[in-house]
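Notes for the structure review
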Amino acid sequence: MSQDLNRCKNQSEQPSSRYDIENVDELKFATRAVLVGQEPDPSTGAISVPIYQTSTFLLEELGVNKGYQYARSHNPTRTALEKCLASLENGKYALTFSSGLAAASAVLNLLSQGDHVIVGEDVYGGVYRLFEKVFTRYGITFTYVNAADVDAVGAAILPNTKLLWLESPTNPILKLADIRSLTRLARQYAIVSVVDNTFASPYFQRPLDLGADVVVHSTTKYLSGHSDVIGGAVVTSCDQLYETIKFHQNAVGAVPGPFDCFLTLRGIKTLPLRMREHERSALAVAEFLESHPAVERVYYPGLESHPQHELAKSQMKGFGGVVAFVLKGGEIHARTLLNSTRIFGLAESLGGTRSLICHPASMTHAPVPYEVKQERGITDGLIRLSIGLEDVDDLICDLEQSLEKNLQFEVNITEEKTCSFNGSSFTADLEHQSGRVDDLEPLLTEQLSALAV
Ligand code: PLP
């Protein structure tokens, strides 16, 4: 369909308007978010890009269209979103998809049987599943490497390596890849470098400027920003990559509907404001957690304790709104917290207005085998927070009250030695019946490790 469209005579040229944007490159990010691709509707002046809820477009005569022919190939609402996204990532082209995984899949369609991909380990569980359960069946092989270690990535390069897939910061433990060094390395070997920029958003990080060939997004997250739409995007400045991925966008057909494009575009207009607020609150929450006695370790690139804090400062303009942490005492403590919060909603996903809490090991990263999760630090005590736009004092208060339940240890022992710890049942033989977790930690570790809770 898209090839046919190229052959059609295009009658879409509109008379120029005072609102047509020239020199887009000179505009600042926030201005681009509001204006690019979003010229007022030429027939009515409508300030919002209309939802072109149509599957097809009438031709004036055979071979003559107004730039649109069939909505899987092109739709004006989608075009507006794609123009805006390209501009925000400083790219030449953007293509949008029905989900982040559909976008990832479209990029993998660049490959052929026998090709090899290097993947930064600790990618989103669904991306891991896509690679391992779908693309391996087509003869594509994957090597997972610690992308924080440039030499390790270099050592994994094979003669048939065609793609380097990075996520930075990673989901869920916010590890960074040195995007500049790794994309330079990839270029030396003619390997296409891809960065999943979902966690940072283009407001805080622009991988194309750092040397990447392709950027991928789950627009479901920060870009749409309101937890009300699923979508994905691919951005590139390379003509050839664009043409091939565009071909697959149309040939495979996992495109977003016009209403989803409208919602995403509407969310993008406030991206800078939202990201600044997400970050401000995330840093405060991370600092609170770091000083809390029930918490063993906090992962947030904005903390000085993050091992790649300096790298984060050099390649990101901000640190994002996701915080991960490990609770002392493992899963049983994680459960207590996950089941206690009232403002943080227990749910998958991130990047919306409402703060969310999740247990990566059993939720977002459930598709990853247990041993692999352990190796990558996705332990049973790990918790991920998506910091939303509520008042940060309320967020900290919610965590404080919920964590207090972890500190107060209450065990009820029945005659059968079945105990319940803060509501979760297990069998044990504990002498203490209540107290502070710190006091009971040695007992807990010994007695609870064997429990199926
Ligand atoms: N990439 C990252 C980093 C993600 O966190 C997710 C989803 O959580 C995806 C890709 C997949 O996106 P979607 O759920 O929109 O398919």
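What comes next concerns the included structure. (Residues numbered from 1 in each chain as written. Predicted model: local features only at pLDDT ≥ 70, side-chain atom pairs only at ≥ 80, totals over all residues. Heavy atoms only, no water.)

1. Some points on the overall build of the chain
- Along the backbone of the chain there are 16 helices and 18 strands.
- Across the 453 residues in the chain, those meeting the buried criterion constitute 56%.
- Considering only residue pairs separated by 6 or more positions, the chain has 70% of its internal contacts joining residues 24 or more positions apart.
- When the accessible surface of the chain is split by element, carbon and sulfur atoms take 50% of a total near 20100 Å². (Helix = DSSP H or I, 4+ residues; strand = E, 2+ residues; numbered from the N terminus. Buried < 20%, exposed > 50% of the residue type's maximum accessible area, 1.4 Å probe, protein only. Contact = heavy atoms within 4.5 Å. Areas by Shrake-Rupley, 256 points an atom, 1.4 Å probe, with all protein chains shown as cover.)

2. Observations regarding the site of the ligand
- Taken together, 13 residues surround the ligand, and among them Gly-100, Asp-196, Ser-218, Thr-220 and Lys-221 come closest.
- In the environment of the ligand, an oxygen atom lies 3.0 Å from a nitrogen or oxygen atom belonging to the side chain of Asn-171.
- Take Ser-218: an N or O atom from its side chain is 2.8 Å from an oxygen atom of the ligand.
- Burial of the ligand by the protein chains amounts to 91% of its free accessible area of 390 Å².
- In a pocket analysis with a 2 Å cut-off to the grid points, the ligand is assigned to the second largest pocket.
- Classifying every residue of the shell around the ligand gives 3 nonpolar, 7 polar and 3 charged. (Near = heavy atom within 4 Å. Polar contact = N/O pair within 3.5 Å; in protein donor to acceptor, adjacent residues only side chain to side chain. 1 Å grid on protein atoms, 1.4 Å probe; cavity = no way out; pocket = protein on both sides within 12 Å on 5 of 7 lines; lining within 4 Å. Sits in = over half its atoms within 2 Å of the grid points. Nonpolar A, V, L, I, M, F, W, Y, C, P; charged D, E, K, R; others polar.)

3. With respect to the nonpolar core
- Counting residues in each nonpolar core, the largest one holds 66 residues, and the members touching the most others are Leu-289, Phe-325, Ile-383 and Leu-385.
- Broken down by element, this core gets its largest block of residues, 7 residues, from helix 11 (residues 271–290).
- Two domains share this core, each providing at least three of its residues, namely domain 1 (2–269) and domain 2 (272–407).
- Counting residues in hydrophobic clusters, the runner-up holds 33 residues, among them Leu-95, Leu-130, Phe-131 and Leu-241. (Core = buried A, V, L, I, M, F, W, Y, C linked by side-chain atoms within 4.5 Å. Domains from an automatic or database assignment.)

4. Comments concerning the pairing of strand 9 (residues 232–236)
- By the criterion of burial, strand 9 is predominantly enclosed, with 5 of the 5 residues buried.
- In strand 9, alternate side chains face the same way, and those of Gly-232, Val-234 and Thr-236 on one face and Ala-233 and Val-235 on the other are all buried.
- Pairing of strand 3 (residues 93–97) with strand 9 involves 5 bridges; the strand directions are antiparallel. Note that in strand 9 the partner of Leu-95 across the bridge is Val-234.
- Where strand 8 (residues 214–218) meets strand 9, 5 bridges bridge the pair, whose relative direction is antiparallel. Its bridge partner being in strand 9, Val-214 is matched across the sheet by Thr-236. (Pairing = 2+ DSSP bridges.)

5. Description of the packing of aromatic side chains
- Tallied over the full model, the rule gives 10 aromatic pairs.
- With a centroid separation of 5.2 Å and 50° between ring planes, the pair formed by Tyr-128 and Tyr-144 is classed as tilted. In this pair, Tyr-128 is assigned in helix 5 (residues 125–134) and Tyr-144 in strand 5 (residues 141–145), connecting sequence segments 16 residues apart.
- Residue classification places Tyr-128 among the buried positions, given a relative accessible area of 9%.
- For Tyr-144, a relative accessible area of 18% corresponds to the buried category.
- Centroid distance Phe-131 to Phe-142: 4.7 Å. Interplanar angle 10°. Geometry classified as stacked. One end of the pair, Phe-131, is in helix 5; the other, Phe-142, is in strand 5, with 11 residues separating them in the sequence. Of the two residues examined, Phe-131 and Phe-142, each falls in the buried class. (Phe/Tyr/Trp six-rings, centres within 6.5 Å; stacked < 30°, edge-to-face > 60°.)

6. A short note on the sheet that holds strand 4 (residues 116–120)
- Strand order in the open sheet formed by 7 strands is 3-9-8-7-6-4-5, with mixed pairing between adjacent strands. Edge positions in the open sheet fall to strand 3 and strand 5, since each of these has one partner strand only. Each adjacent strand pair in this sheet contributes to an overall mean axis angle of 20°, direction not counted. (Axes fitted to C-alpha atoms, helices over the stretch in contact; angles between N-to-C directions.)

7. Let's talk about the sheet that holds strand 14 (residues 382–386)
- With mixed pairing, 5 strands are arranged side by side in an open sheet as 10-11-14-13-12. With partners counted over all chains shown, the strands left at the sheet margins are strand 10 (295–299) and strand 12 (345–346), one partner each.
- Note that strand 12 and strand 13 (residues 356–358) share 2 bridges and pair parallel. Among the inter-strand pairings, Gly-345 is bridged to a residue of strand 13, identified as Leu-356.
- Each of strand 11 (322–327), strand 12, strand 13 and strand 14 touches helix 13 (residues 331–338); the most contacted strand, strand 11, lies at about 130° to it.

8. Concerning the pairing of strand 8
- Most of strand 8 is tucked away: 5 of the 5 residues are buried.
- Inspection of the sheet shows strand 7 (residues 192–196) paired to strand 8 by 3 bridges, in the parallel sense. For Val-194, the partnering residue across the bridge sits in strand 8 and is Val-214.

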